[in-house]
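Inside the fold
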Amino acid sequence: MDSIEISGLRFHSRHGVLPQETLVGNDFIVDLRLDFDAAEAMRTDSLGATINYAEVIAATAEEMSEASQLLEHVAFRIRERLRRDYPRLRGGMIRIAKPAPPIPCQLEGVAFRTEWHDTDA
């Protein structure tokens, strides 16, 4: 299996449970791995034979712009959209990190990560 990796997408979004998070927002970093068979793309050098990462980034940005309480829900929406929009997709990984959560201690951030394969329900 081959994959496209998109790293370090940065968004300012209004995800969170606390009122301030939904009002002011926070910064988020999204990493994606898109698993698919790239043999045709490698052989033909055709954009139509691969997964267009510019389109994936735009779709991810749209989903990140819709507020949710949980990072789990945001990741679910991104995953389902990608599965719907890209039939070549056979699995992947989504990681959404919140580098500065509103927690009264020092930490480097929190994140939610999910992986799936085409056999997953």
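Treat the numbers as computed from the prediction; the structure is a model and nothing was measured.

Rules and cut-offs
- The numbering scheme is per chain: residues are counted from 1 as the chain's sequence reads.
- Two thresholds apply to this predicted model, a pLDDT of at least 70 for residue-level local features and 80 or more for giving and counting side-chain atom pairs, whereas whole-chain, interface and lining totals are computed over all residues.
- Think of the side-chain values as coming from all heavy atoms in the structure, minus any hydrogens and water.
- As used here, the term nonpolar core means buried Ala, Val, Leu, Ile, Met, Phe, Trp, Tyr and Cys residues forming a set that is joined through side-chain atoms within 4.5 Å.
- Buried, partly exposed and exposed residues are distinguished by accessible area as a fraction of the type maximum, computed with a 1.4 Å probe on protein chains only: under 20%, between the cut-offs, and over 50%, respectively.
- Counting from the N terminus, the helices are DSSP H or I runs at least four residues long and the strands are E runs at least two residues long.
- Here a residue-residue contact requires only that any non-hydrogen atoms of the pair lie within 4.5 Å.
- Expected helix span is given by 1.5 Å per residue-to-residue step, counting one fewer step than there are residues.
- Working note: the arc is built from the helix axis to C-beta atom directions.
- A 3.5 Å cut-off defines polar contacts: any pair of N or O atoms within that distance qualifies, except that in protein one atom must be a possible hydrogen donor and the other a possible acceptor, and neighbouring residues in sequence count only when both atoms are side-chain atoms.
- Note on pairing: DSSP must find at least two bridges between two strands before they are called paired.
- Axes, fitted as lines to C-alpha atoms, cover a helix only where it is in contact. Angles between the N-to-C directions of the axes lie from 0 to 180 degrees.
- Should the near helix be turned anticlockwise from the far one by less than a right angle, the crossing is termed left-handed; should it be turned clockwise, right-handed.
- In the sections that follow, a salt bridge refers to a side-chain nitrogen of Lys or Arg positioned within 4 Å of a carboxyl oxygen of Asp or Glu.

Looking now at the nonpolar core. Judged by nonpolar contacts, the single largest core of 23 residues is most densely connected at Leu 32, Leu 34, Ile 51, Val 56, Met 64, Ile 78 and Ile 96. Those elements that provide at least two residues to this core are strand E1 (2-13), strand E2 (26-36), helix H3 (53-65), helix H4 (71-85) and strand E3 (91-98). What Ile 96 contacts, discounting residues up to four positions off in sequence, is Phe 28, Ile 29, Val 30, Met 64, Leu 71, Val 74, Ala 75, Ile 78, Val 110, Ala 111 and Phe 112.

Okay, H3 next. When the terminal C-alpha atoms of H3 are compared, their 18 Å separation across 13 residues agrees well with the 18 Å that a helix rising 1.5 Å per residue should span. Among the residues of H3, Val 56, Ala 59, Thr 60, Glu 63 and Met 64 are the ones counted as buried. Around the axis of H3, the buried residues are gathered within 140° of arc, so they sit on the same side. Buried residues in H3 make contact with E1, E2, H4 and E3. Where H3 begins, the capping side chain belongs to Asn 52, and its oxygen is found 2.9 Å from the backbone nitrogen of Ala 54.

If you trace the backbone, Arg 77 turns up in helix H4. A distance of 2.4 Å separates a polar side-chain atom of Arg 77 from the backbone oxygen of Glu 63. Ignoring sequence-local partners within four residues, the contact set of Arg 77 consists of Glu 63, Glu 66 and Ser 68.

Of all the 8 residues making up E3, 7 are buried; the element is thus mostly covered by neighbouring parts of the structure. Alignment of E2 against E3, held across 7 bridges, turns out to be antiparallel. Residue pairing for E3: Leu 32 is matched across the bridge by Ile 94. Examined bridge by bridge, E3 and strand E4 (residues 110-117) share 8 bridges and lie antiparallel to one another.

Moving on: the environment of Ala 75. Here Ala 75 is to be found in helix H4. Counting along the chain gives 45 residues from Ala 75 to Val 30, while the straight-line C-alpha distance between them is 9.4 Å.

What follows is about the sheet that holds E2. Across a sheet, strands are paired by hydrogen bonds formed along the backbone, either parallel or antiparallel in direction. Here we have 4 strands laid out as an open sheet, ordered E1-E2-E3-E4, and antiparallel in their pairing. Edge positions in the sheet fall to E1 and E4, since each has one partner strand and no second. Across the sheet, the mean angle from the axis of one strand to that of its neighbour is 10°, orientation sign disregarded. Along the sheet, H3 makes contact with E1, E2 and E3, crossing E1 at roughly 35°.

What describes two packed helices is the angle between their axes and the distance between those same axes. At a minimum axis separation of 10 Å, H3 and H4 run at an interaxial angle of 145°. At the point where H3 passes H4, the crossing takes the right-handed sense. Facing Val 56, Ala 59, Thr 60, Glu 62, Glu 63 and Met 64 of H3, the residues of H4 in contact are Val 74, Arg 77, Ile 78, Arg 81 and Leu 82.

Right, let's get into the pattern of salt bridges. For the structure shown, the criterion picks out 13 salt bridges. The salt bridge involving Glu 115 is made with Arg 113; its shortest N-O contact spans 2.7 Å. When its relative accessible area of 47% is taken as the criterion, Arg 113 is described as partly exposed. Overlapping salt bridges, with partners in common, bring together Glu 62, Glu 63, Glu 66, Arg 77, Arg 81, Arg 84 and Asp 85 in one network.

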